[in-house]
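Okay, here's what each chain looks like letter by letter:
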Amino acid sequence: MNKSGRPLRRSRSNRMIAGVAGGLAEFFGISSFWFRLFFLLALIPGGVPGIGAYVICWLIIPSE
(Lines give C-alpha, C1' and ligand atoms only; values in the text may rest on other atoms or scores of the structure.)
Protein backbone atom coordinates (compact mmCIF):
# COMPACT_ATOMS: atom_id res chain seq x y z
CA MET A 1 0.00 0.00 0.00
CA ASN A 2 1.04 3.58 -0.56
CA LYS A 3 1.23 6.41 2.00
CA SER A 4 -2.52 7.02 1.91
CA GLY A 5 -3.22 3.37 2.68
CA ARG A 6 -5.01 2.84 -0.61
CA PRO A 7 -4.34 -0.55 -2.27
CA LEU A 8 -3.31 -0.79 -5.92
CA ARG A 9 -6.42 -1.34 -8.05
CA ARG A 10 -7.37 -0.70 -11.67
CA SER A 11 -9.51 2.42 -11.84
CA ARG A 12 -13.15 2.31 -12.90
CA SER A 13 -13.52 6.08 -13.17
CA ASN A 14 -10.14 7.06 -14.69
CA ARG A 15 -9.83 4.57 -17.51
CA MET A 16 -9.31 4.51 -21.25
CA ILE A 17 -8.87 0.78 -21.87
CA ALA A 18 -8.61 -1.29 -18.69
CA GLY A 19 -7.92 1.31 -16.00
CA VAL A 20 -4.27 0.33 -15.50
CA ALA A 21 -2.81 3.82 -15.91
CA GLY A 22 -5.59 5.37 -13.84
CA GLY A 23 -5.10 2.86 -11.05
CA LEU A 24 -1.34 3.35 -11.01
CA ALA A 25 -1.83 7.12 -10.97
CA GLU A 26 -4.23 6.96 -8.04
CA PHE A 27 -1.86 4.64 -6.15
CA PHE A 28 1.20 6.87 -6.65
CA GLY A 29 -0.72 10.15 -6.37
CA ILE A 30 0.26 11.58 -9.75
CA SER A 31 -1.52 12.29 -13.03
CA SER A 32 -2.50 9.30 -15.15
CA PHE A 33 -1.04 11.21 -18.11
CA TRP A 34 2.47 10.15 -17.05
CA PHE A 35 1.62 6.44 -16.97
CA ARG A 36 -0.19 6.68 -20.30
CA LEU A 37 2.83 8.46 -21.75
CA PHE A 38 5.13 5.74 -20.38
CA PHE A 39 3.07 2.96 -21.99
CA LEU A 40 2.90 4.93 -25.25
CA LEU A 41 6.68 5.48 -25.31
CA ALA A 42 7.23 1.80 -24.54
CA LEU A 43 5.36 1.02 -27.79
CA ILE A 44 7.90 2.88 -29.94
CA PRO A 45 10.79 0.34 -29.91
CA GLY A 46 8.66 -2.35 -31.52
CA GLY A 47 5.46 -2.49 -29.53
CA VAL A 48 6.04 -5.68 -27.57
CA PRO A 49 7.48 -4.10 -24.39
CA GLY A 50 4.64 -1.60 -24.05
CA ILE A 51 1.84 -4.00 -24.89
CA GLY A 52 3.40 -6.73 -22.76
CA ALA A 53 3.78 -4.47 -19.73
CA TYR A 54 0.21 -3.22 -20.06
CA VAL A 55 -1.26 -6.71 -20.44
CA ILE A 56 0.73 -8.02 -17.48
CA CYS A 57 -0.49 -5.12 -15.33
CA TRP A 58 -4.04 -5.72 -16.59
CA LEU A 59 -3.84 -9.36 -15.51
CA ILE A 60 -2.18 -8.93 -12.09
CA ILE A 61 -3.76 -5.69 -10.79
CA PRO A 62 -7.29 -6.38 -9.48
CA SER A 63 -10.20 -4.18 -10.50
CA GLU A 64 -11.83 -1.71 -8.08
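Residues numbered from 1 in each chain as written. Predicted model: local features only at pLDDT ≥ 70, side-chain atom pairs only at ≥ 80, totals over all residues. Heavy atoms only, no water.

A closer look at the overall build of the protein
- Counting its secondary structure elements, the protein contains three helices and zero strands.
- Moving toward the C terminus, one meets the helices and strands of the protein in the order α-α-α.
- Computed over the C-alpha atoms, the radius of gyration of the protein is 12 Å, within 12% of the 11 Å expected from 2.2 N^0.38 for a compact globule of 64 residues.
- Summarising its shape, the C-alpha atoms of the protein cover approximately 35 × 20 × 20 Å along the three principal directions.
- Split into buried and exposed, the 64 residues of the protein put 33% on the buried side.
- Taking the contacts inside the protein whose residues are at least 6 apart along the sequence as the reference set, 41% of them involve residues at least 24 apart.
- Accessible area for the protein stands at about 4,400 Å²; split by element, carbon and sulfur atoms hold 70% of it. (Helix = DSSP H or I, 4+ residues; strand = E, 2+ residues; numbered from the N terminus. Rg over C-alpha atoms; globule rule 2.2 N^0.38 Å. Buried < 20%, exposed > 50% of the residue type's maximum accessible area, 1.4 Å probe, protein only. Contact = heavy atoms within 4.5 Å. Areas by Shrake-Rupley, 256 points an atom, 1.4 Å probe, with all protein chains shown as cover.)

As for the nonpolar core
- Grouped together as the largest cluster of nonpolar side chains are ten residues: Ala-18, Val-20, Ala-21, Leu-24, Ala-25, Phe-35, Phe-39, Tyr-54, Cys-57 and Ile-61.
- Every element with two or more residues in this core is listed here: helix 1 (20-28), helix 2 (32-43) and helix 3 (48-60).
- Per element, the largest residue contribution to this core is four residues, and it comes from helix 1.
- Those residues in contact with Phe-35 that lie beyond four places of it in its chain are Ala-21, Leu-24, Ala-25, Phe-28 and Ile-30. (Core = buried A, V, L, I, M, F, W, Y, C linked by side-chain atoms within 4.5 Å.)

Quick look at the packing of helix 2 against helix 3
- Their axes nearest at 6 Å, the elements helix 2 and helix 3 cross at an angle of 135 degrees. Taken together, the axes of helix 2 and helix 3 are oblique relative to one another. Within the contact between the two elements, helix 2 uses Phe-39, Ala-42 and Leu-43 and helix 3 uses Pro-49, Gly-50, Ile-51, Ala-53, Tyr-54 and Cys-57.
- Counted by class, the contact of helix 2 with helix 3 contains eight nonpolar, one polar and no charged residues. (Axes fitted to C-alpha atoms, helices over the stretch in contact; angles between N-to-C directions. Parallel < 35°, antiparallel > 145°, perpendicular 65-115°, else oblique. Nonpolar A, V, L, I, M, F, W, Y, C, P; charged D, E, K, R; others polar.)

Quick notes on the packing of aromatic side chains
- Considering all chains together, one arrives at six aromatic pairs under this definition.
- Between Phe-39 and Tyr-54, the aromatic rings sit 5.2 Å apart at their centres with planes inclined by 85 degrees, giving edge-to-face as the arrangement. Within this pair, whereas Phe-39 is found in helix 2, its partner Tyr-54 is found in helix 3, the two being separated by 15 residues in sequence. Taken as a pair, Phe-39 and Tyr-54 share a single burial class, namely buried.
- Through pairs of rings, three or more aromatic residues link up here, namely Phe-38, Phe-39, Tyr-54 and Trp-58. (Phe/Tyr/Trp six-rings, centres within 6.5 Å; stacked < 30°, edge-to-face > 60°.)

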